[in-house]
Structures are given as C-alpha cells and as structure tokens.
Amino acid sequence: MRAIHLINGPNLNRLGTREPAIYGHETLADIENDCRALCEKNGLGLVTRQSNVEGELVTFLQQAVDEGAVGVIINAGAYTHTSIALYDAIRSMDVPVIETHLSNTHARESFRHHSAIAPAVTGVIMGFGSQSYRLAVLAICERMGTR
Ligand code: DQA
C-alpha cells in the first residue's frame, strides 16, 4: 500500500506531558492515530517513526525513500534549527517533504526562528498544534490528487 511516512524527532515522544501550554495535551500516539485515519480515508497507509537521535532521523528519511514513501512529514524538533545532516538528506529526496511544527516557532525564542531544513523541504506547516500534522497529511493528499 502506498504510504506517507511521519517522522518525529527529539522530545516529541513526550507530547501530552511536555509543556502542554505550548504543545497541547495530545500524545504522539493520538496524533499518529488521527493521521493514520486521515490517510486511510484517502487510500493511503501511514508509517510512523520517532527518535531522539539525529542520525536515526537521517536513517528514517533514507528508509522513506527506499520503502517508496509517497510523501514525508517531518517534525525534527530542535534539530530543525541545527541539522545540516537532515538538510542534506532531504535535499536528495524527490518526494514531497513537509516540515511540520506544533508551535509557531517564529513567535518564540529567536534561536527557533531559523530552520536549517526549510530550504530543502517542499513546504512548512506550523502553529496549528496537533492540527499541523493533519494539514500536512492533507497537503500531500492534495498534491497526489487522492483528495
Ligand atoms: C517544535 C518546535 C521546536 O523549536 C522544538 O525544539 C520542538 C518542537 C514544534 O513542533 O513546535 O521540539 O518542532
């Protein structure tokens, strides 16, 4: 089955209890389940992966290519702001890659205003809480014409 790959980076395994005033009360499992249901409505599967380790996120991106992902949604957490390795990995991909954040990083500390990966991605969705992920699923479906 054709699938979207949803990749989450450091500390996102703590959603639900991590700074809920910023990130909300939904857990990562809640978000993944919602996204899976939305993918299924659109005839797609969803592969979910999370790691706190930068190099593992690079591997997940490479696996997405090797496994024929139709699109990738990535919330790289704090590595968004620093990771040339993620930038390089995304540059070499030819499927849509959506950079996604729960919070509006531009409305927060200045060190969050820069994204190292933004120049490599197809588009960025941020600031809508857990809805950011669902909007990213819909963006990929629209581009594929499955919606
Ligand atoms: C985040 C924003 C990042 O700045 C932060 O380091 C995160 C979460 C978000 O989803 O809003 O871990 O990516």
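Described below are features of the structure shown in this document. Just so it is clear, the structure is predicted and the values come from calculations on it, not from any experiment.

Bringing the sheet that holds strand E3 (residues 71–75) into the picture now. Reading across from one edge, E2-E1-E3-E4-E5 is the order of the five strands in this open sheet, with parallel pairing throughout. Among the strands making up the open sheet, the edge pair consists of strand E2 (45–50) and strand E5 (123–126). For this sheet, the mean inter-axis angle between neighbouring strands, taken without regard to orientation, is 20°. Direction of pairing for strand E1 (residues 3–8) relative to E3: parallel, over a ladder of five bridges. Bridge pairing in E3 places leucine 6 opposite isoleucine 73. Where helix H2 (residues 28–41) meets the sheet, it contacts E1 and E2, and its direction lies at approximately 160° from that of E2. The sheet strands contacting helix H3 (residues 54–66) are E1, E2 and E3, and the helix crosses E1 at an angle near 175°.

The next point concerns the pattern of salt bridges. Applying the stated criterion across every chain, the model contains four salt bridges. One salt bridge connects glutamate 67 with arginine 49, and the closest N-O pair in it is separated by 3.2 Å. Of this pair, glutamate 67 sits in the loop between H3 and E3 while arginine 49 is found in strand E2, placing the two residues 18 residues apart along the sequence. Among the residues examined, glutamate 67 registers a relative accessible area of 43% and is labelled partly exposed. Residue arginine 108 pairs with glutamate 109 through a salt bridge whose shortest N-O separation is 3.8 Å. Residue glutamate 109 is classed as partly exposed on the basis of its relative accessible area of 36%. Several salt bridges share partner residues, and in doing so they unite Arg108, Glu109 and Arg112 into one network.

In this structure, asparagine 11 takes a positive phi of about 75° despite not being glycine. Note on placement: asparagine 11 falls in the loop between E1 and helix H1 (20–23). The exposure class of asparagine 11 is partly exposed, given its relative accessible area of 40%.

Quick notes on the rules
Residues numbered from 1 in each chain as written. Predicted model: local features only at pLDDT ≥ 70, side-chain atom pairs only at ≥ 80, totals over all residues. Heavy atoms only, no water. Pairing = 2+ DSSP bridges. Helix = DSSP H or I, 4+ residues; strand = E, 2+ residues; numbered from the N terminus. Axes fitted to C-alpha atoms, helices over the stretch in contact; angles between N-to-C directions. Contact = heavy atoms within 4.5 Å. Salt bridge = Lys/Arg side-chain N within 4 Å of Asp/Glu carboxyl O. Buried < 20%, exposed > 50% of the residue type's maximum accessible area, 1.4 Å probe, protein only.

Interpretation note: all reported values are geometric properties and have no functional meaning in isolation.
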